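Here's the letter readout for the chains.
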Amino acid sequence: MSPLFRRKPDDLVADATSSVTPEEPAVAHPKGYTPSKKELGVATPKRVAQGRRVQDPAPASRKEAYKQLRERQRAERLEASEGMRNGDERYLLARDRGPERSLVRDIVDSRRTVGSYFIGGAVVVLIGSSIAIPAVQLASNLLWAALALGVLIDSIFIARRIKKQITTRFPQTQQRLGGLYFYGIMRGLTFRRMRIPKPKVGLGATV
């Protein structure tokens with residue numbers, strides 16, 4: 001007889017019971033528990049180590065390093081020059097910084113000034129004075145006197161307008177009015193196209 005049939009019924013029941021693997025009890029989690037990516041079987045991507053970004057390749061020689069330095073300095077000078085012309089506060093000289101100075105520039109740039117013709121008139125006077133003709137020399141002297149008088153009168157008007165605008169808009173300013181007058185008058189003596197920072201307002205604009 002086969003050994004299977006020689007075994008007792010109780011032994012068969014015990015074997016069948018032991019072959020069944022009981023399920024693992026579920027772990028109790030508190031309310032609002034959020035399973036981690038590891039429990040869900042989702043792999044967390046590793047962070048890529050970021051090293052220092054090198055913008056320019058390392059120079060192969062001292063000559064190449066000096067060339068890169070000159071190019072970088074040239075780019076910085078061009079950026080500073082462009083920023084100064086556009087009135088960017090980061091690149092302006094100390095004499096041009098501040099809202100008061102910006103207002104003075106707008107006051108001067110919004111009108112025609114006699115001083116802007118002063119340099120051209122001075123050249124004409126210089127040439128006329130060198131000509132050995134009494135009538136031409138007299139005319140040159142009269143032109144010089146007219147230009148000087150015109151600049152003086154125009155400077156007074158500029159100073160009065162600067163005082164009025166500054167005291168109205170910046171009553172607590174720490175800027176000296178005398179320094180602002182001088183700043184505006186000197187700007188008025190410069191050709192409009194040569195002014196730095198360049199004018200932001202047109203002729204006749206309301207400031």
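Refer to the preceding data block for the structure.
Let us look at the structure shown here. Note that the structure is predicted; figures quoted are calculated from it, not measured.

### Digging into the overall build of the protein chain
1) Next: Along its length, the protein chain carries 8 helices and 0 strands.
2) Next: If you list the helices and strands of the protein chain from N to C, you get α-α-α-α-α-α-α-α.
3) Next: Buried residues in the protein chain amount to 20% of all 207 residues.
4) Next: In the protein chain, 66% of the contacts between residues at least 6 apart in sequence involve partners at least 24 apart.
5) Next: When the accessible surface of the protein chain is totalled, it reaches about 16,600 Å², and 60% of it is carbon and sulfur.

### Side note on the side chain of D96
1) Next: Take D96: it is sitting in the loop between α4 (62–85) and α5 (99–109).
2) Next: Sequence-distant contacts of D96, that is, excluding residues within four places in its chain, are made with R101, R105, Y183, I196 and P197.

### What about α4?
1) Next: For α4, built from 24 residues, the straight-helix expectation of 34 Å at 1.5 Å per residue is met to within 8% by its first-to-last C-alpha distance of 35 Å.
2) Next: G87 sits one or two residues past α4 and shows a positive phi near 80 degrees.

Definitions and cut-offs
Residues numbered from 1 in each chain as written. Predicted model: local features only at pLDDT ≥ 70, side-chain atom pairs only at ≥ 80, totals over all residues. Heavy atoms only, no water. Helix = DSSP H or I, 4+ residues; strand = E, 2+ residues; numbered from the N terminus. Buried < 20%, exposed > 50% of the residue type's maximum accessible area, 1.4 Å probe, protein only. Contact = heavy atoms within 4.5 Å. Areas by Shrake-Rupley, 256 points an atom, 1.4 Å probe, with all protein chains shown as cover. Expected span 1.5 Å × (residues − 1).

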